[in-house]
Amino acid sequence: MSGLAVALTGHRPQHLNAQQSAWARVVIPQVMARLVTAYDMRVAISGMALGADTWWALAALSAGVELRAYIPFEAQAARWSAADQALWHAIRASADREVMVSDGEFSVGALHARNDAMIAAGDAVVALLRGSMSTGGTADAYRKTIAAGKPVLHLDPDACTVTWAEVRRPRP
């Protein structure tokens, strides 16, 4: 594969206020555009959750980037609102590739396994992570990405800042 595969980890809507959500919805497509033009990003990896994952997937579809949907378990959207379920199914149907991480029911372990699989598959990770939050799945995925030696672009909705880490091109 030439070009980068980039995963996103990020907060769910309940962890963002209205201003932070609005900022994230604007900056995520901007970051994707920058990755596509400056770093030859070709693949977007989404964990298919509400919030940042959904916004990343929609940005990928809009940008014409290959979308890979990493689904932690089949019933991921089952408890969501009807509108959110409909959007999830539409994004899933539009994905170029789907990876079902677990064949079981909901579990925190399945969510972490999904994050681990996304980090392993990506050349880099975009992290929509509030600077004030150090616990939870997003913070854990951020730390695991750094430990894996992969570049991270940190989008901090607390400060409305983007910290561009070095994004290396994959080796042929």
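Residues numbered from 1 in each chain as written. Predicted model: local features only at pLDDT ≥ 70, side-chain atom pairs only at ≥ 80, totals over all residues. Heavy atoms only, no water.

So, about helix α3 (residues 82-94). End to end, α3 covers 18 Å across 13 residues, agreeing with the expected 18 Å (1.5 Å per residue, within 8%). Among all positions in α3, only Trp88, Ile91 and Arg92 are buried. Buried residues of α3 fall within an arc of 100° about the axis and therefore sit on the same side. Across from the buried face of α3, at angles greater than 90 degrees, the exposed residues are Ala82, Ala83 and Ala93. Summarising the contacts, the buried residues of α3 are in contact with α2 (52-63), β3 (66-71) and β4 (97-100). (Helix = DSSP H or I, 4+ residues; strand = E, 2+ residues; numbered from the N terminus. Expected span 1.5 Å × (residues − 1). Buried < 20%, exposed > 50% of the residue type's maximum accessible area, 1.4 Å probe, protein only. Arc of directions from axis to C-beta. Contact = heavy atoms within 4.5 Å.)

For the rest of this paragraph, the subject is the sheet that holds strand β2 (residues 41-46). Spatially, β4-β3-β2-β1-β5-β6-β7 is the arrangement adopted by the seven strands of the open sheet, whose pairing is mixed. The open sheet has two free edges, formed respectively by β4 and β7 (161-163), since each of these has just one partner strand. Within this sheet the neighbouring strands show an average axis-to-axis angle of 20°, counted without direction. Inspection of the sheet shows β2 paired to β3 by four bridges, in the parallel sense. (Pairing = 2+ DSSP bridges. Axes fitted to C-alpha atoms, helices over the stretch in contact; angles between N-to-C directions.)

Turning our eyes to something else, we now look at the packing of helix α4 (residues 108-121) against helix α5 (residues 137-147). A pair of packed helices is characterised by two quantities: the angle between their axes and the separation of those axes. Orientation of α4 relative to α5, taken along the N-to-C sense of each, is 35°, at an axis distance of 10 Å. For the crossing formed where α4 meets α5, the hand is right-handed. Of α5, the residues touching α4 (which contributes His112, Asn115, Asp116 and Ile119) are Gly137, Asp140, Ala141, Lys144 and Thr145. For the contact of α4 with α5, the class distribution of residues is two nonpolar, four polar and three charged. (Left-handed = near helix turned anticlockwise from the far one by under 90°. Nonpolar A, V, L, I, M, F, W, Y, C, P; charged D, E, K, R; others polar.)

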